[in-house]
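Now for the letters of each chain:
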Amino acid sequence: MNTKGDERRSKILEILKNAQLPVKGSELAQNLGVSRQVIVNDIAMLRTSHPDLMAVKAGYMLMRIADTRRVFKVKHTDEQTADELENIVRLGGTVLDVYVEHKVYGTISAPLNISSQRDVQNFIADLKSGVSSPLKNITLGYHYHTVKARSEAVLNEIETMLKDKGYLIETLTQTPVYTPKNYSEI
């Protein structure tokens, strides 16, 4: 359930994400119709889940942190695929790929680059067309996703969500060895 405070904090993050320069607390307060003290409290709450949120002399800003990546080993049904992907992108992740470790064929991978709800819808529509089945089906549902996000905090949220939904098998700390050359361009 969203409260006014949750909505306001989401707006603060959106303003800071789009700002090229630090935004003064008084400016945020005026834009959102609250006191400066409310903004100070909101910023304190936001910093617990957004370590890239900084208070500088000129105001508040989100540090431009290089994308971080994490590999998640997951398992779920075909029907849960959309839920898994939608939640990853909703939390701010981009699903770069899917791969499986086949006992005979070795690593089989496919780039996905899913970063929006529209990407998820298109991917699910392609799967439902019946032309092919999900790659995970050749390994009894077990598969891996390399997920990138703008911070470790976002990846932690994604990991928690996957765990809570029962999809997460394990989190790998290293990027897989097979990483295709073109992933450096993503």
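Residues numbered from 1 in each chain as written. Predicted model: local features only at pLDDT ≥ 70, side-chain atom pairs only at ≥ 80, totals over all residues. Heavy atoms only, no water.

With that settled, the discussion passes to the overall build of the protein chain. When its secondary structure is counted, the protein chain shows six helices and seven strands. Mapped in sequence order, the helices and strands of the protein chain form the string α-α-α-β-β-β-α-β-β-α-β-α-β. Scored against the burial criterion, the 186 residues of the protein chain give a buried share of 38%. Nonlocal contacts in the protein chain, meaning residues at least 24 apart in sequence, comprise 74% of its contacts between residues at least 6 apart. As presented, the protein chain carries roughly 11100 Å² of accessible surface, and 51% of it is formed by carbon and sulfur atoms. (Helix = DSSP H or I, 4+ residues; strand = E, 2+ residues; numbered from the N terminus. Buried < 20%, exposed > 50% of the residue type's maximum accessible area, 1.4 Å probe, protein only. Contact = heavy atoms within 4.5 Å. Areas by Shrake-Rupley, 256 points an atom, 1.4 Å probe, with all protein chains shown as cover.)

As defined by bridge partners, strand 1 (residues 53-56) adjoins strand 2 (residues 59-62) across four bridges and the pair is classed as antiparallel. Paired with Val 56 across the bridge in strand 2 is Gly 59. Hairpin connection, strand 1 to strand 2: the antiparallel pair is bridged by two residues. (Pairing = 2+ DSSP bridges.)

Moving on: the nonpolar core. Core analysis: the biggest nonpolar cluster contains 20 residues, and Phe 72, Ile 88, Ile 158 and Leu 162 have the highest contact counts within it. If you list the elements that add at least two residues to this core, you get strand 3 (68-75), helix 4 (81-90), helix 5 (117-128), strand 6 (142-149) and helix 6 (152-164). Broken down by element, the residue count for this core peaks at five residues, all from helix 6. Among residues more than four places away in sequence, those in contact with Phe 72 are His 143, Tyr 144, His 145, Val 147, Leu 155, Ile 158, Glu 159, Leu 162, Leu 168, Glu 170 and Thr 171. (Core = buried A, V, L, I, M, F, W, Y, C linked by side-chain atoms within 4.5 Å.)

For the rest of this paragraph, the subject is the layout of surface pockets. Volume-wise, the largest pocket comes out at about 420 Å³. Together, 18 residues line the largest pocket, and Leu 13, Lys 17, Ser 49, His 50 and Glu 157 are the ones closest to its centre. Residue assignment for the lining of the largest pocket shows that the elements contributing at least two residues are helix 1 (4-18), helix 3 (36-49) and helix 6. Considering each element in turn, the lining of the largest pocket owes the most residues, five residues, to helix 1. (1 Å grid on protein atoms, 1.4 Å probe; cavity = no way out; pocket = protein on both sides within 12 Å on 5 of 7 lines; lining within 4 Å. Points joined across faces, edges and corners; volume = space filled by probe spheres on them.)

Before going further, it helps to spend a moment on the pattern of salt bridges. Applying the stated criterion across every chain, the model contains seven salt bridges. Among the charged side chains, a salt-bridge network with shared partners connects Asp 6, Arg 8, Arg 9 and Asp 42. (Salt bridge = Lys/Arg side-chain N within 4 Å of Asp/Glu carboxyl O.)

What follows deals with unusual backbone geometry. Within the chain, Asn 113 stands out as a residue other than glycine whose phi angle is a positive 50 degrees. For Asn 113, the location among the structural elements is in strand 5 (residues 106-114). One non-glycine residue, Leu 140, lies in positive phi territory at about 55 degrees. You can see Leu 140 is positioned in the loop between helix 5 and strand 6. On the accessibility criterion, Leu 140 (70% relative accessible area) is exposed.

Moving on to the confidence of the model for the protein chain. Mean pLDDT for the protein chain: 87, with 89% of residues reaching 70 or above. For the protein chain, per-element mean pLDDT is lowest for strand 1, which scores 84, and highest for helix 4, which scores 97. The model gives residues 174-186 a pLDDT under 50, and that stretch makes 19 contacts with residues more than four places away or in other chains. (pLDDT = per-residue confidence, 0-100.)

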